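# Close look at the chain arrangement
The lines below spell out each chain.
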Amino acid sequence: QVQLVESGGGLVQAGGSLRLSCAASGSIFSINAMGWYRQAPGKQRELVAVMPTGGSTNYADSVKGRFTISRDYAKNTVYLQMNSLKPEDTAVYYCAAAVVVRVLVVHDYWGQGTQVTVSS
């Protein structure tokens, strides 16, 4: 099995910054992609940013220019640097990974979620 452990959430004032981290561990042959989703109260879960292995990085329009996703491939870790935070960024942020668990078998895994609260 594969586990994703997130850290870095918290309370920050508008205009401030936070850096989220997520490390994958377990029965990992390789990882095809890692990314971040978020879900605000009363809203649907949405993709924030994704970084496929060997592919192009994608961001939600609402975070472009403010958030940066990065990966440490050797450590199976993904980061989300969040700058110029706005109250509307308040949500539970979930790490996700598409993990090759064995040849030709890919499973999606999710972290437990970490709360990000931006005060005005």
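Scroll up for the structure.
Description of the structure in this document. (Residues numbered from 1 in each chain as written. Predicted model: local features only at pLDDT ≥ 70, side-chain atom pairs only at ≥ 80, totals over all residues. Heavy atoms only, no water.)

### Some thoughts on the state of the cysteines
Taken as a whole, this structure holds one disulfide when the rule is applied. Between the sulfur atoms of cysteine 22 and its disulfide mate cysteine 95 the distance is 2.1 Å. Residues cysteine 22 and cysteine 95 are joined by a disulfide whose S-S torsion is about -80°; by sign, that bridge is left-handed. Here cysteine 95 lies in strand S9 (residues 91-102) and cysteine 22 lies in strand S3 (residues 18-26), a separation of 73 residues in the sequence. Considered together, cysteine 22 and cysteine 95 belong to a single accessibility category, that of buried residues. (Disulfide = S-S within 2.5 Å. Helix = DSSP H or I, 4+ residues; strand = E, 2+ residues; numbered from the N terminus. Buried < 20%, exposed > 50% of the residue type's maximum accessible area, 1.4 Å probe, protein only.)

### Some thoughts on the side chain of arginine 71
Residue position: arginine 71 is located in strand S7 (residues 67-72). At 8.7 Å, aspartate 72 is the nearest oppositely charged side chain to arginine 71, a buried residue that forms no salt bridge. A polar contact is formed between the side chain of arginine 71 and the backbone oxygen of methionine 51, at a distance of 2.9 Å. Polar contacts involving the side chain of arginine 71 include one to the side chain of threonine 53, which spans 2.8 Å. Here arginine 71 is in contact with Ile31, Asn32, Ala33, Met34, Met51, Pro52, Thr53, Thr77 and Val78, once residues within four sequence places are set aside. (Lys, Arg positive; Asp, Glu negative; His and termini not counted. Salt bridge = Lys/Arg side-chain N within 4 Å of Asp/Glu carboxyl O. Polar contact = N/O pair within 3.5 Å; in protein donor to acceptor, adjacent residues only side chain to side chain. Contact = heavy atoms within 4.5 Å.)

### A look at the pairing of strand S8 (residues 77-82)
Summarising burial for S8: six of the six residues are buried, a large majority. Here S3 pairs with S8 via six bridges, running antiparallel. Within S8, the position partnered with cysteine 22 by the bridge is valine 78. Pairing geometry for S7 and S8, over six bridges, is antiparallel. In the sheet register, isoleucine 69 faces S8, and the bridge partner there is leucine 80. Counted between consecutive antiparallel strands, the loop separating S7 from S8 contains four residues, among which asparagine 76 sits at a positive phi close to 50°. (Pairing = 2+ DSSP bridges.)

Take it as geometry only, folks, not as evidence of what the structure does.
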